[in-house]
Amino acid sequence: MSYSFGYIAVVGKPNAGKSTLVNFLIKNKVAIVSPKAQTTRNNILGILTTENYQLVFIDTPGVHKSKNALDKFMNKNIRSAESGADVILYLIDSTKKFDDFEADYLKSLKENCDAKIIVVLNKIDSIKKENLLPLSQKLSNLGFDDILPLSAKTGENTSMLMDEILKNLPKSDTKNFVYDEDDYTDKSLKFMVSEIIREKALNYLNEEIPHGISVNVTKYEQKPTILIIEADIVCEKESHKSIIIGKKGSMIKQIGQSARMDIEALVSCKVMLKLFVKVKKDWRENINYLTEFGYKNEDV
Ligand SMILES: Nc1nc2c(ncn2[C@@H]2O[C@H](COP(=O)(O)OP(=O)(O)OP(=O)(O)O)[C@@H](O)[C@H]2O)c(=O)[nH]1
Ligand SMILES: [Mg+2]
């Protein structure tokens, strides 16, 4: 019997479908998903273990230009994932225009990383297949020969991707797995709870506000029959606070109810969830707040 182990960094622009793909491949939801850009902020491991292999996918924040300290933290996470990976999956949203920013990013990735790069053209369920040709041509002109169209949503072609990943990992005669066979992520339940709340906020709130929120769990107390959770939704402005609360508390109630249902499914136990909205002006620029909210550079 031979065994494979490897780190697979999943990189690409915001909204390309990286988290959707990782969740699909490992058959567990480790990363939140939303139609808004810059949903993922931390590197999140999604681990898939079988008899013969252990694949550790590293979901990363979307590649974007840094405008504040939080962006810098996110971009540093991406570089760290790329440098520690055996294989890099670079995801492109094939429904969007392929621009110079992306071409330049790919060129520098090729120059600076030793890992095998597989370019994944995602969301093929939403395009005419013939539109893939010009995109594939551009990528092959840039020197990429491993290009795989797929849909992270429907799963089309994902088994081909798995084969391609495994082909590029070294084989060993001994079981060289690093993580416990039951582990599917490196993140704590508390982290996942805060992310679920943020996912609901991202999905219910309009464009401008989601980028400026952070969710901090302040109480996490397991009683015999119920898990008691309190969390702050931190935003940047008073005007955002009233939108998050909504008319007579309707928005915060909707976020809370929907988050509670997902958290109950995650922890298999009844949950009491209390949410508070707080304003911390320009927290994304403030290193002390970033550290307090868990966006620490030591993690990277
Ligand atoms: N139609 C279609 N939509 C997809 C596919 N994969 C992802 N999406 C959608 O694209 C949006 C973004 O997905 P995410 O998985 O959050 O994207 P991401 O790359 O992790 O985004 P960031 O965390 O912001 O970098 C969501 O609305 C997904 O449902 C796909 O294969 N087909
Ligand atoms: Mg993501």
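Residues numbered from 1 in each chain as written. Chains lettered and ligands numbered in written order. Predicted model: local features only at pLDDT ≥ 70, side-chain atom pairs only at ≥ 80, totals over all residues. Heavy atoms only, no water.

Student: So what exactly am I meant to see when it comes to the side chain of N216 here?
Tutor: Residue placement: N216 occurs in strand β8 (residues 214-222). There is a polar contact of 3.4 Å between the side chain of N216 and the side chain of S214. The contact partners of N216, leaving out residues within four places of it in the chain, are E230, A231, D232, V234 and F293. (Helix = DSSP H or I, 4+ residues; strand = E, 2+ residues; numbered from the N terminus. Polar contact = N/O pair within 3.5 Å; in protein donor to acceptor, adjacent residues only side chain to side chain. Contact = heavy atoms within 4.5 Å.)

Student: In this structure, what is going on with the sheet that holds strand β10 (residues 270-279)? I would like to understand it.
Tutor: What holds strands together in a sheet is hydrogen bonding between their backbones, with the strands either parallel or antiparallel. The mixed open sheet is built from three strands, whose spatial order is β8-β9-β10. At either end of the open sheet lies a strand with only one pairing partner, and these are β8 and β10. Along the sheet, successive strands turn relative to each other by an average axial angle of 20°, direction set aside. Contacts between helix α6 (residues 189-204) and the sheet are confined to β8, β9 (226-235) and β10, with β8 contributing the most and set at about 130° to the helix. Packing against the sheet, helix α8 (residues 250-267) makes contact with β8, β9 and β10, and its axis sits at approximately 140° to β10. (Pairing = 2+ DSSP bridges. Axes fitted to C-alpha atoms, helices over the stretch in contact; angles between N-to-C directions.)

Student: Could you clarify how one ought to interpret the pattern of salt bridges in this entry?
Tutor: One side chain can pair with another of opposite charge once the charged atoms of both are near each other. One pass over the structure, following the stated rule, counts 20 salt bridges. For E221, the salt bridge is made with K219, and the minimal N-O distance between the two is 3.9 Å. Since its relative accessible area comes to 32%, E221 is described here as partly exposed. The partly exposed category is assigned to K219, whose relative accessible area is 30%. The network of salt bridges with common partners includes K29, E199, K200 and D262. (Salt bridge = Lys/Arg side-chain N within 4 Å of Asp/Glu carboxyl O. Buried < 20%, exposed > 50% of the residue type's maximum accessible area, 1.4 Å probe, protein only.)

Student: Would you mind showing me how to read helix α3 (residues 100-112) here?
Tutor: Count 3.6 residues to each turn of an α-helix, and residues three or four apart come out pointing the same way. Taking 1.5 Å of rise per residue, the 13 residues of α3 would be expected to cover 18 Å, and the 18 Å separating its terminal C-alpha atoms lies within 8% of that figure. Listed in full, the buried residues belonging to α3 are E102, A103, Y105, L106 and L109. Down the axis of α3, the buried side of the element spans an arc of 160°, and every buried residue falls inside it. In α3, the exposed positions angled more than 90 degrees off the buried face are occupied by D100, E111 and N112. Each element contacted by the buried residues of α3 is listed here: β1 (3-12), α2 (69-83), β4 (87-93), β5 (116-122) and α4 (132-141). (Expected span 1.5 Å × (residues − 1). Arc of directions from axis to C-beta.)

Student: Is there a simple way to think about the site of ligand 1 in this case?
Tutor: Around ligand 1 sit 23 residues, and of these K18, T20, Q38, T39 and D125 come closest. Note that a nitrogen atom of ligand 1 is positioned 2.7 Å from one of the side-chain N or O atoms of D125. The contact in question runs from a nitrogen atom of ligand 1 to an N or O atom on the side chain of S126, over 3.0 Å. Contact with the protein chains covers 90% of the free accessible surface of ligand 1, which is 660 Å². With three residues, helix α1 (residues 18-26) is the single largest residue contributor to the shell around ligand 1. Taken together, the residues that form the shell around ligand 1 break down as six nonpolar, twelve polar and five charged. (Near = heavy atom within 4 Å. Areas by Shrake-Rupley, 256 points an atom, 1.4 Å probe, with all protein chains shown as cover. Nonpolar A, V, L, I, M, F, W, Y, C, P; charged D, E, K, R; others polar.)

Student: Looking at this structure, how should I read the coordination of the magnesium ion (ligand 2)?
Tutor: Each donor-metal-donor angle would ideally measure 109.5 degrees in four-coordinate tetrahedral geometry, or 90 or 180 degrees in six-coordinate octahedral geometry. Taken together, S19 (OG) and T40 (OG1) make up the full set of protein donors to the magnesium ion (ligand 2), lying 2.0 to 2.1 Å away. With S19 in helix α1 and T40 in the loop between α1 and β2 (44-49), this residue pair connects regions lying 21 residues apart in the sequence. There is no split in this pair, since S19 and T40 are both buried. (Donors = N, O, S within 2.8 Å, 3.2 Å for Na, K, Ca; no water.)

Student: What exactly am I supposed to notice about the layout of surface pockets here?
Tutor: Gaps left between atoms are located by rolling a probe of water-molecule size over the structure's atoms. Volume-wise, the largest pocket comes out at about 510 Å³. What lines the largest pocket is a set of 23 residues, among which N42, K187, F191, F293 and G294 lie closest to the centre. Of all the secondary-structure elements, those providing two or more residues to the lining of the largest pocket are α2, α6 and β8. At five residues, the largest contribution of residues to the lining of the largest pocket is made by α6. Each residue belonging to the lining of the largest pocket can be placed in one class, and the counts come to seven nonpolar, eight polar and eight charged. A domain-level breakdown of the lining of the largest pocket finds at least three residues from each of domain 1 (3-172) and domain 2 (189-299). When residues in the lining of the second largest pocket are grouped by element, the largest group, three residues, is from α1. Partitioning the lining of the second largest pocket into residue classes produces eight nonpolar, 13 polar and six charged. (1 Å grid on protein atoms, 1.4 Å probe; cavity = no way out; pocket = protein on both sides within 12 Å on 5 of 7 lines; lining within 4 Å. Points joined across faces, edges and corners; volume = space filled by probe spheres on them. Domains from an automatic or database assignment.)

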